[in-house]
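Descriptive analysis of the structure
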Amino acid sequence: MIVLDLFHYWVFITILMMGFYTVIAKQNLIKKLLGLSLFQSAVFLLFIGIAKVDGGTTPIFHPAIDTNVFSNPLPQVLILTAIVVGISTSALGLAIVVRIKETYGSIEEDQIQSEDESE
Amino acid sequence: MNLALHYPILQVIIPMLVAPIALLMPNRKLAWALATTTSLCAFALAIAIAQLVLEGSSHAYPLGDWPAPFGIELRVDSFSAIVLIIVSGASTAALLAGFQSLALEIDQDRATLFYAAWLLALAGLSGIVVSADAFNIFVFMEIASLASYILVAGSSDRRALPAVFKYLIMGTIGATFYLIGVGLLYIMTGTLNLADLEVRILLVEDQAPILMAAGFISVGLALKAAIFPLHAWLPNTYAYAPHAVTAFLAACSTKVALYVFLRIDFFVFQRTLTEHASQFSIYLLPLALAGILYGSAMAMREPHTKRLFAWSSVAQIGYIVLGASLISNAGLSAAIMHMFNHALAKGAIFLAVVVLASQCSTLGPNALNGLGRKHPVVGIAFVVAGLSLVGIPGTAGFISKWLLIEAILDYHRWSVPLLIVVLLSSIMAVVYVYKVCEALFFKTPDTANSQPLPRLAVVTVLVVSAANLVFGMAPGLPLELANSAASVLLEHTL
Amino acid sequence: MSLLHPLILVLLIPTVGAVAISVAGRFHQNIREACTFATAILLALTVWPIAIEVAHGARDSVTLASLTGNLHIVLHTEPLGALFATLASSLWIVNSLYSVGYMRGNKETHQTRFYAFFAISIAATMGVALAGNLFTLFLFYELLTLSTYPLVTHKGDEATIKSARVYLAILMGTSITLFLPAVIWVTSLTGGEFTMGGVLQGQVEAPTAGLLLALFVFGIGKAAVMPIHKWLPAAMVAPTPVSALLHAVAVVKAGVFSITKIIIYIFGVEWLFSLSTTQWLVWITAFTIIAASIVALRQTNLKRLLAYSTIGQLSYVVMATAILKPMAEIGAALHMVAHAFGKITLFFAAGAIYVASKKIDITQLAGIGRRMPITMGAFTVGALSMIGVPPTGGFVSKWYILGGAFEADNFIAIFTIIASTALNAAYFLPIIYAAWFLPEDLAPSKPHGEAPWPMVMAIALTALLTLGFFFLNGPVIELERQLVGGL
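Report on the accompanying structure. Predicted model, so just to flag it, every value in this text is computed and none were measured.

Residue and element names in this part refer to chain B. Within the secondary structure, Val130 is located in helix α4 (residues 111-130). A residue is classified by how much of its surface remains accessible, and Val130, at 0% relative accessible area, is buried. For the pair Val130 and Ala116, spaced 14 residues apart in sequence, the C-alpha separation works out to 21 Å. If we ignore the near neighbours within four places in the chain, the residues touching Val130 are Pro8, Val12, Leu74, Arg75, Val76 and Leu84.

Put into structure tokens, the structure is as follows:
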């Protein structure tokens, strides 16, 4: 019951840890960035998940809707901002990876490190 | 219209609006001039704000006149004021000193982008300091971080690229942890405004999510602030960034993260979580000590000059955390004062590196040999800054060291071990500062060529070095602000 | 607080002088030397009236800056400080005369840097002498270490830099780890103001007092109490004028002066005498005296021998203070003066011998008395003063210290003084005998006479002072009686 009641929290944790593991364990820089994206997506899911109110409808005022239970729009707004931040970070990260490939010839972290140490 | 009311938002808006204008500049010189002028305006604004809040008052600024907690609020008090002075001062000094150095390191076609990014970084850092809304802090934090990544990546040294990649990964993880923490707080209280959070958290029954939120926020901000053991991104980033960027970031980026850390912890958590005060000390104190010792030890054996001083920064951040974890008026004053004094000392050192690096093609281990003798004025400025870092009486560093030791002596329980660590690390600081000074003055220079020193840079270095002495003998304004900030923070504890 | 207040002038004159010397050095060396002399004479003229006023019982103080709640930079006048300031400033004039002869005779490089940093070191010494509280004392103490460093590394070669590292490491190490915590501790307890009769009584218990005393004695490394003594022989790589004034007079005296001042004005002599946890100081200083004398016996390098002799003589002063009886306290002050005169003479002589004949070893000094009669005559006077033979100044101070030791029934001190007198004779007399009475081992490659005349004049002056102190010590005794009057 605990699993089903808190289903969205379990999803959040799983994806968070998958992303975190990828960032730490993988040597390939692109994979690291993918892990980072996963990591951030998990947080988005957390926020959006809590925005849903039981029995709540879309948070839009309209004369035709006569209920007064709405889902919370604020977290969705917050996440829009966070998604933009995430996109910028990924874009910047990828640009850096392109530059690294140009100057080092490799995007594997261990190879880059050994090149730097042998300098 | 009373312009003073709008200072908080102006501090953020001016650099932010000028950034795209810098992009439109036709050449490097104009872009630099625009950036420097904006930075000077920001500095003047910061001083004005400091005058406003000197009596300990705080000014709230609701954006768009939407009242808190519905709208986003900015708030400045003495703690914000001193950090704003550090940020804008560091930016101005680094820009003034960095013109020739950046001209050498940044390509012409990227120069305008670089200066635009600098202004965004300034806007982001200022925004973090004035925000009173937890999510707003996140947004500005990411603006500042992304802009910093761009600044660091502009280096002509290719080793900056893996360094900034690591910085990006760790910084984003830190920011995301912070976001998770804020999310958890929002779930439990329904508000993001710091002042409102403080009130609403008291009404929450289940303390477990609050505790978790505190953990996530602390870890996230510790990553940004390079508190041991989450400091791994710092040495290489400072070492390989363009020299002026190092001067800018070393003086202020970690201080801002520490500022947020202290503010959120004291304003939101201290009163609500049971036993939080002692938990704070128990977790942070050993980390602070470890950071101090590890940073100083690594600095002693580091051949690369910039990385040596980057490790020194890790140790100095340890001092700040040490002072804060004592949770006393004396400790917090010492910590905040050290933020200011370390920015002065480390800033002067890295600015001197900016000047001296114009004499050598690459900054390898022996690159700075003999340069102190060739250019004695800069050499002496470097020595003064080094003495301030060590904490010799008469310099600014001594004031914060004295305050820190006084706070430790008051702390009774662990006084002696803490004192031993602080004194031991001072000796280690003497060793690594001496190492660099000896190389500067007594070793023979590698190359015989000698180009003229950039004059504006030399003047900036002299001014900042002299400031170390001035604030060492007359700490007036920063000390008042630090004391006031400490009392403001402590008002929010049990 | 006007800028012309005498106490502020005492700091300002040598500092401005340093700037003037640096500027004058670009023009002509004679102008530069004139600046040095002008500054030194001006300083002495400012200090002497202050000392005379203090002798008449006047006291003065001025606050230079207020940093935080209990951190103030304060200068004040009292008998011990006035004596030290007068000693240092007056001997600076003589030393400048000597330096001119030495630097030109040896054709040294970077002379402007030398004279400028010398002036700054004297400024720091004045600050130590006139310090009104512990923080001010610590401030100028550290400045003294830093400003003498360029003087120690003057030659700039590999061996010099290595020795200078030892110098800096020991002095900075002890001051940061031991002296500073003690200063902060006492200042946060009591404000750290130097007050007659001490401020610690009633604030700390006996064991803490013993700990604090240890922190001060070993933290003030300049007093060269063993084991914090290695820096002194290491500093002998400096040119002899530096060794003469700084390491016979200014730096080392700053060390023992600080300890004495702290014992009298922070601890309080009577209170300290009543505690049992502080009696170890006499033992440590006695050990230092004997050990240093024994090591000196085995030295062949003249300057190193003089360095170890200095270590022993410094501990005379500290031991005298530690005896904690009025007569001994006066003896301590007298010995500061007598040792200064005698040791500066000895170092001057060593430097003169080096400049004239390039000899640095005592085994090479046979017969040199006949070639350099004035120099060796002065050396003899200085050595006799170290041994404590009348009619030299050293006799007077030893007399008082011995008297105080008898008064306190301090047998360790009595024994040490007698034993060390014998040891001093053992290492000085053979040198004097060889210099005057033995024939030369080998004729020097080129025959030489005395060293350049400025040096000889300076040597003669200080030798006369050493002799004169035997007869004219009345004013100093009167001055220092005020110190112990309150006891």
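This part covers empty space enclosed by the protein. All names here are of chain B. Within the structure shown, the criterion is met by seven cavities of 30 Å³ or more. For the largest cavity, the calculated volume is near 150 Å³. Counting only elements with at least two residues in the lining of the largest cavity, the list comes to α4, α5 (134-153) and α10 (243-269). Of the residues in the lining of the largest cavity, the class split is seven nonpolar, three polar and one charged.

Here we take up the environment of A:Gly19. All names here are of chain A. Topologically, Gly19 is positioned in helix α2 (residues 7-25). Among the residues examined, Gly19 registers a relative accessible area of 0% and is labelled buried. Residues Gly19 and Ser37, spaced 18 residues apart in sequence, show a C-alpha to C-alpha distance of 7.2 Å. Discounting chain neighbours no more than four positions away, the residues touching Gly19 are Gly35, Leu38 and Phe39.

Here we come to the pattern of salt bridges. All names here are of chain B. Within the structure shown, the criterion is met by 13 salt bridges over all chains. Across the pair Lys224 and Glu142 runs a salt bridge, and its minimum N-O distance is 3.5 Å. Within this pair, whereas Lys224 is found in helix α8 (residues 207-225), its partner Glu142 is found in helix α5, the two being separated by 82 residues in sequence. Both residues of the pair, Lys224 and Glu142, count as buried.

In this assembly, 36 residues from chain A lie in contact with 29 residues from chain B. Note on chain A versus chain B: buried area summed over both sides is about 3000 Å², and carbon and sulfur give 80% of it. Counting across the chain A and chain B interface gives one salt bridge. Between B:Arg158 and A:Glu115 there is a salt bridge; the shortest N-O distance is 2.7 Å. Applying the counting criterion to the chain A and chain B interface returns four residue pairs in polar contact (both at pLDDT 80 or more). Sorting elements by how many residues they give to the side of chain A that touches chain B places helix α4 (residues 73-104) of chain A first, with 16 residues. Residue composition of the side of chain A that touches chain B, by class: 24 nonpolar, seven polar and five charged.

Moving on, we come to a nonpolar patch on the surface. Where nonpolar side chains cluster on the molecular surface, the patch consists of C:Val19, C:Val23, C:Phe27 and C:Ile31 and spans about 400 Å² of accessible area. For C:Phe27, the location among the structural elements is in the loop between α1 (6-24) and α2 (29-55).

What counts and how
- By convention here, each chain's residues receive numbers from 1 onward along its written sequence.
- Labels follow written order: the first chain is A, the first ligand is 1, and so on.
- In keeping with the predicted nature of the model, local features appear solely for residues at pLDDT of at least 70, side-chain atom pairs appear and are counted solely at 80 or more, and the whole-chain, interface and lining totals rest on all residues.
- Only hydrogens and water are set aside when side-chain values are computed; all heavy atoms of the structure are taken into account.
- Numbering of helices and strands starts at the N terminus; helices are DSSP runs of H or I of at least 4 residues and strands are runs of E of at least 2.
- Burial classes: relative accessible area under 20% of the type maximum marks a residue as buried, over 50% as exposed, and values in between as partly exposed (1.4 Å probe, protein chains only).
- Between two residues, a contact is recorded if the distance between any of their heavy atoms is within 4.5 Å.
- A cavity here means a set of 1 Å grid points, computed over protein atoms only, where a 1.4 Å probe fits but cannot escape. A pocket is an open set with protein on both sides within 12 Å along at least 5 of 7 lines, and lining residues have an atom within 4 Å of a point.
- Grid points are joined across faces, edges and corners, and a volume is the space filled by probe spheres set on the points.
- By the convention adopted, Pro, Cys, Tyr, Trp, Phe, Met, Ile, Leu, Val and Ala count as nonpolar, Lys, Arg, Asp and Glu as charged, and the other residues, Gly among them, as polar.
- Put simply, a salt bridge is a Lys or Arg side-chain nitrogen that is within 4 Å of an Asp or Glu carboxyl oxygen.
- By buried area we mean how much accessible surface two parts lose on assembly, using a 1.4 Å probe and totalling the loss over both.
- For this analysis, a polar contact is any N or O atom pair within 3.5 Å, provided that within protein one partner can donate a hydrogen and the other can accept it, and provided that sequence-adjacent residues contribute only side-chain to side-chain pairs.
- Two distance rules govern patches: like charges are joined within 9 Å, and nonpolar side chains (Val, Leu, Ile, Met, Phe, Trp, Tyr) within 5 Å, applied only to residues with over 30% relative accessible area and no salt bridge.
- Computed by Shrake-Rupley with a 1.4 Å probe, the accessible areas treat only the displayed protein chains as cover when residues are assessed.

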